[in-house]
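# Results of the structural survey
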Amino acid sequence: MSSLTTLARPYAKAAFELARDEQALASWDNMLTLAGEMVTEETVAALLESPHVGQDEVVKILSGAAGEAFSTRFRDFLLVLAGNGRLSLLPPATRLFRQLREAEEKRLSVKVVSVVPLDEGQANRLREALARRFECEIELDNEIDKAVLGGAVVYAGDQVIDGSLRGKLEKLSAALAN
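In short, a report on the structure. (Residues numbered from 1 in each chain as written. Predicted model: local features only at pLDDT ≥ 70, side-chain atom pairs only at ≥ 80, totals over all residues. Heavy atoms only, no water.)

## Details of the overall build of the protein chain
The secondary structure content of the protein chain amounts to 8 helices and 4 strands. Counted from the first residue to the last, the protein chain has its helices and strands arranged as α-α-α-α-α-α-β-α-β-β-β-α. For 178 residues, the compact-globule estimate of 2.2 N^0.38 gives 16 Å, and the protein chain exceeds it by more than 25% at 20 Å. Along the three orthogonal principal directions, the C-alpha set of the protein chain runs to about 60 × 35 × 25 Å. (Helix = DSSP H or I, 4+ residues; strand = E, 2+ residues; numbered from the N terminus. Rg over C-alpha atoms; globule rule 2.2 N^0.38 Å.)

## Some points on the pattern of salt bridges
This model, assessed by the stated rule, comprises 11 salt bridges. For Asp 29, the salt bridge identified is with Arg 98, shortest N-O distance 2.5 Å. Taken together, the residues span a long stretch of sequence, with Asp 29 in helix H2 (residues 25-40) and Arg 98 in helix H6 (residues 90-104) at a distance of 69 residues. The buried category is assigned to Asp 29, whose relative accessible area is 5%. The network of salt bridges with shared partners includes Asp 29, Arg 98, Arg 101, Glu 105, Arg 107 and Glu 139. (Salt bridge = Lys/Arg side-chain N within 4 Å of Asp/Glu carboxyl O. Buried < 20%, exposed > 50% of the residue type's maximum accessible area, 1.4 Å probe, protein only.)

## Description of the packing of aromatic side chains
For the coordinates displayed, the defined rule picks out 5 aromatic pairs. With 5.2 Å between their ring centres and 80° between their planes, Trp 28 and Phe 74 make a pair best called edge-to-face. Of the two residues, Trp 28 sits in helix H2 while Phe 74 sits in helix H5 (residues 72-83), which places them 46 residues apart along the sequence. Exposure class is identical for Trp 28 and Phe 74. Each is buried. Considering the side-chain rings of Trp 28 and Phe 77, the 5.7 Å spacing of their centres and the 70° angle between planes classify their relative orientation as edge-to-face. Here Trp 28, found in helix H2, pairs with Phe 77, found in helix H5; they are 49 residues apart in sequence, far enough to count as distant. For Phe 77, a relative accessible area of 6% puts it in the buried group. Just above the ring of Tyr 155 sits the side chain of Lys 111; from NZ or CZ to the centre is 5.0 Å. (Phe/Tyr/Trp six-rings, centres within 6.5 Å; stacked < 30°, edge-to-face > 60°. Lys NZ or Arg CZ within 6 Å of the ring centre and 35° of its normal.)

The following block contains the structure:
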């Protein structure tokens, strides 16, 4: 996974620069998301692996299916990916692009994993605390996982804040084992 991320990074940065120059970050995010979903679709993924179909042909198929959803400049971007045999990197490039966009817009998507859903008050307090810590607007997504046992695990960018009962028990177990 990390090698795909490494390979995708320059393409994500290039897409970000193009989108920022056009003042069209949201539009490029949407186009990247659509193209990324398309290349992971079973039939298209098989075409990418086929030695009988060139990746530029796959771009024509994607562009035809997307219709007006892809701008001319975005199609050109896809042709660059295709020319380098990198269309399959669209999903990780999209994730990296989204991180760059969030940083530019001073936003951060945060996933909170808890055993029960956060109520509105808890979500608001957590959002405010994280906004102070990261100095940006927080978009909170609450995921339920009974394995957490209690508390919550917060995934914010490349940071993980483990305030779960399970995490505390694992730390205690490790300390006792030493």
